[in-house]
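# Chain and residue survey
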Amino acid sequence: MKPKILVLTCTYCSYAGADIAGVSKIQYPPSAYIVRLICSGREEALFALEALREGFDGVLFTGCHIPYDCHFISGNFKARARVALLKKLLSQLGIEDSRVRLEWISASEGDKFAKVVFEFTRELEEMGSLPKFRKISELGVEEHD
Amino acid sequence: MPRVGVYVCHCGKNIAGVLDVKRIVREVAKEEDVVVCKDYPFMCSSEGQRLIAEDIRRHNLDRIVVAACSPRTHEPIFQEALKRAGLSPFFLEMANIRDQCSWVHEHEKELATDKAIRLVKAAVAKARLLEEIRVEKISVKQSVLVIGGGVAGITAALDVAKAGFKVYLVEKNSSIGGHMAQLDKTFPTLDCSICILGPLMVEVATHPNITLLTYSEVIEVEGYVGNFKVKILKKARKVDETKCTGCLLCMEKCPTRVPSEFDRGLGERKSIYVPFPQAVPRVPVIDTEHCLYFTKGVCRLCEKICPVKAINYEQEDEIIEIEVGAIIVATGYEEYDPRKVPEYGYGMFTEVITGLQLERLASSFGPTRGKILVPGKNKEPQRVAILACTGSRDEKNLPYCCRVGCMNALKHAWYIKHSIPGATIYVIAPDVRSFGKGYEEFYRRIRSEGVILIKGRASEVHRSPEGCLGVYVYDPSLDEVLVLKVDLVVLEMGLVPNPASEKIRDVLKLSKSTDGFFLEVHPKLRPVETSIEGVFICGCAQSPKDIPDTVAQASSAAMKAVELLAKGYVESVPYVVSVDEETCSGCGICVSVCEFNAIEIVEKNDRRVAKVNTALCKGCGSCAAACPSGAIEQAHFTREQVLAMIKALAR
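Residues numbered from 1 in each chain as written. Chains lettered and ligands numbered in written order. Predicted model: local features only at pLDDT ≥ 70, side-chain atom pairs only at ≥ 80, totals over all residues. Heavy atoms only, no water.

### Some remarks on the overall build of chain B
Helices and strands together make up the secondary structure of chain B, namely 19 helices and 34 strands. Here the C-alpha coordinates of chain B stretch approximately 90 × 65 × 40 Å along the principal axes. If you take every contact in chain B between residues at least 6 apart in sequence, the share linking residues at least 24 apart comes to 69%. Carbon and sulfur atoms make up 51% of the accessible area of chain B, which amounts to about 27700 Å² in all. Between the averaged position of the 84 positive side-chain charges in chain B and that of its 83 negative side-chain charges there is a distance of 2 Å. (Helix = DSSP H or I, 4+ residues; strand = E, 2+ residues; numbered from the N terminus. Contact = heavy atoms within 4.5 Å. Areas by Shrake-Rupley, 256 points an atom, 1.4 Å probe, with all protein chains shown as cover. Lys, Arg positive; Asp, Glu negative; His and termini not counted. Charge placed at Lys NZ, Arg CZ, Asp CG, Glu CD.)

Printed below as a string of structure tokens:
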């Protein structure tokens, strides 16, 4: 089993880039799953944390190239700041911060989309799968108010 | 409880050739709230759409999932189908099992089917949570901005104007005409270029619906489809357009001489000038970098000679603000820099020129009055090598075909043959692509007139010991390297986007293809539309093309703009955000992340809460992601919906 990747895309650049990979029949592992949002500015840290908890091995944040490609002016910068903070949070939680990755993919870069999925898959393979998270309630530890 | 209908498209073999469609249907049918789950060969066909409408009525469906191609191309089609069946178009969710599944995992059919099942289940999970969205009709400004005054911009402007709408045509140079005005003749008919373009230029200047803004640049665009606010910088000409009669006495008397950009550096112009005699408007501009008055504070001859006192050294740049419903981008091309192909000696030997430079030499209003003379030698060339495909179709330079180089090479061979009948002409081309109407016939004609065609690419241009140039070329039919002794080398340069288009790209936030030209939404279905609604592209701004294709595409872009204006309204952005005032803490982080000033903090019942102005909200969802209390939701992309999808994909 290949490591499972959640790919968060914006509509205007990276989702279109993934479509172009399809139109050009550029192959990549079927273990990458795309969820489309309108803008990379909408790519929430919570989505990545939930994905990792639910069993994804890595989360790929994608958006339009910096500095000027974002159709909503600066969604890509917001995604960049958010991913940087998320990486810090992950290391504090004892999770490899490289399980979260950020890439700029334009609407014409189908080849880049595929290349990034391959690279990330290989990296995650080296890391091995993420241990299953359990909720505190499942651990039998009493919660304090 | 929602009642979900799921439709899995075969897309012929595109999907069904890789994915086990029946297995998808079996698995998805088990999902909660799925009432109907079917597959069909072509969902987008009239029969496929009818199937959905029929089921909506028969089974009382209120949420529809279509598992097919990309929502980028087909979502509007299925949304319409829902509308026709009386269901809100926002109760549709698509699963992209073609572009992002079957096409990219062709060799892993089992795994790809597993993935498709998860994708469809995720779409079902989201569909169950979809909510109604209200959109408003917003009126469309009844005017169009055309950027670029070449033949593409001219055609688009005239078409829109003739349809009865107001047009603003903005050109950065002092005259419209673009590259076509520089050409002597056009292939394959050998029409005089300025004779067919000139009347159109005059029509632009005189049409009551067109406001022509030359020597101007678009510097800022705000707003959205139907309602763009545009700022245009009208640079100071230093000549009053309302007074100038175009007598050009000033130009005659000006004592300075500057290399002419219009003549591609082969001729000279004055510091106060019109770039060419047929310029529109026929109002000169002062080049303040070279004018003696602006550089040294002396002269003022033009001011003295002007009979109508039109010269105004104090004239300043102006900012013009307009509002338009649509924008057509026609920024055109530039020749690829010949210095980037150094083996052909451009810039080193004066006898090496580009195709556009030859056009100026051949032109009756060019630097040599139409006599083809070797630059620097002032002699007619007796032997000429024309190198097609310079920089084009070359991994080191431009990987793509310029689409005009072959035909230009043949046309240029004709120019020389026609004005110097005894000349020996070699056309060196990897192959001659004469694909258009009348092109192959033109190719045969040129061959029959004694032009020597060599299949291949020249490797180098040298100074030969005899003083002329030596062109090295391998001829595969002879299996020999030939050294052609010539007096003139013409480089048919590849085409690149006009450098000024990069600025326009930033202003409009347009995407570009890997070759650098503006990216269309779909190369076949929507070739003049861009990812920015209401912004259209045409001509060489979109990709290299010849004049017939440019004109056809310009008319197409004009039609798209007219379609938008004639309809009269656009629908408001559906995916706007809303605030749950109960959970909002009034921290204002959302205000700081919003680029569109759509959120403000207001006092309500003694509490500070965020308030969204949906007319300004563009629906990016940045605030929803940034809100620390999770009080902001984006319609159609709610936290609950996205998390439901992630959960379904993780299963």
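After that view of the structure, there is still more to cover.
### So, the overall build of chain A
Secondary structure summary: chain A contains five helices and four strands in total. Counting from the amino terminus, chain A carries its helices and strands in the arrangement β-α-β-α-β-α-β-α-α. A compact globule built from 145 residues would reach a C-alpha radius of gyration of about 15 Å, and chain A, at 16 Å, matches this within 12%. Projected onto the principal axes, the alpha-carbon positions of chain A cover approximately 50 × 35 × 20 Å. In chain A, buried positions account for 57% of the 145 residues. Counted over contacts in chain A with a minimum sequence separation of 6, partners at least 24 positions apart contribute 76%. Counting only carbon and sulfur atoms, one obtains 55% of the accessible surface of chain A, whose full area is about 6200 Å². (Rg over C-alpha atoms; globule rule 2.2 N^0.38 Å. Buried < 20%, exposed > 50% of the residue type's maximum accessible area, 1.4 Å probe, protein only.)

### Some words on the domain arrangement of chain B
Residue and element names in this part refer to chain B. Per the domain assignment, the segments of chain B are domain 1 (4-127), domain 2 (136-235 + 317-331 + 503-571), domain 3 (236-316), domain 4 (333-496) and domain 5 (577-635). Placing a centre on the C-alpha atoms of domain 3 and another on those of domain 4 gives a separation of 35 Å. If you look at the interface, domain 3 gives eight residues, while domain 4 gives 10 residues. With both sides pooled, the region where domain 3 packs onto domain 4 buries about 780 Å², and carbon together with sulfur makes up 64% of that total. For the pair domain 3 and domain 4, the number of links is three salt bridges. Counting the contacts that link domain 3 with domain 4 gives four residue pairs in polar contact (both at pLDDT 80 or more). Residue composition of the side of domain 3 that touches domain 4, grouped by class: four nonpolar, two polar and two charged. (Domains from an automatic or database assignment. Buried area = accessible area lost by both parts, 1.4 Å probe. Salt bridge = Lys/Arg side-chain N within 4 Å of Asp/Glu carboxyl O. Polar contact = N/O pair within 3.5 Å; in protein donor to acceptor, adjacent residues only side chain to side chain. Nonpolar A, V, L, I, M, F, W, Y, C, P; charged D, E, K, R; others polar.)

### Remarks on the environment of R608(B)
All names here are of chain B. Relative to the elements of secondary structure, R608 occurs in strand 33 (residues 607-612). For R608, a relative accessible area of 44% gives the class partly exposed. Discounting residues that sit within four places of it in the chain, R608 has contacts with C584, S585, G586, I601, V602 and E603. Among the polar contacts listed, one links the side chain of R608 to the backbone oxygen of G586, at a separation of 3.5 Å.

### Some points on the state of the cysteines
All names here are of chain B. Scanning the model with the defined rule gives two disulfides over all chains in all. Disulfide pairing is shown between C192 and C195; the S-S distance is 2.2 Å. On the sign convention where negative is left-handed, the bridge of C192 and C195, at about 75° about the S-S bond, is right-handed. Owing to a relative accessible area of 27%, C192 belongs among the partly exposed residues under this scheme. For C195, a relative accessible area of 48% corresponds to the partly exposed category. The thiol of C302 is unpaired, and the distance to the nearest cysteine sulfur, on C291, comes to 6.0 Å. In this structure C302 comes out as buried when scored by relative accessible area, which is 9%. Here C401 is not cross-linked by a disulfide; its sulfur's nearest cysteine counterpart is in C402, at 5.5 Å. Of the residues examined, C401 reaches a relative accessible area of 26% and is grouped as partly exposed. (Disulfide = S-S within 2.5 Å.)

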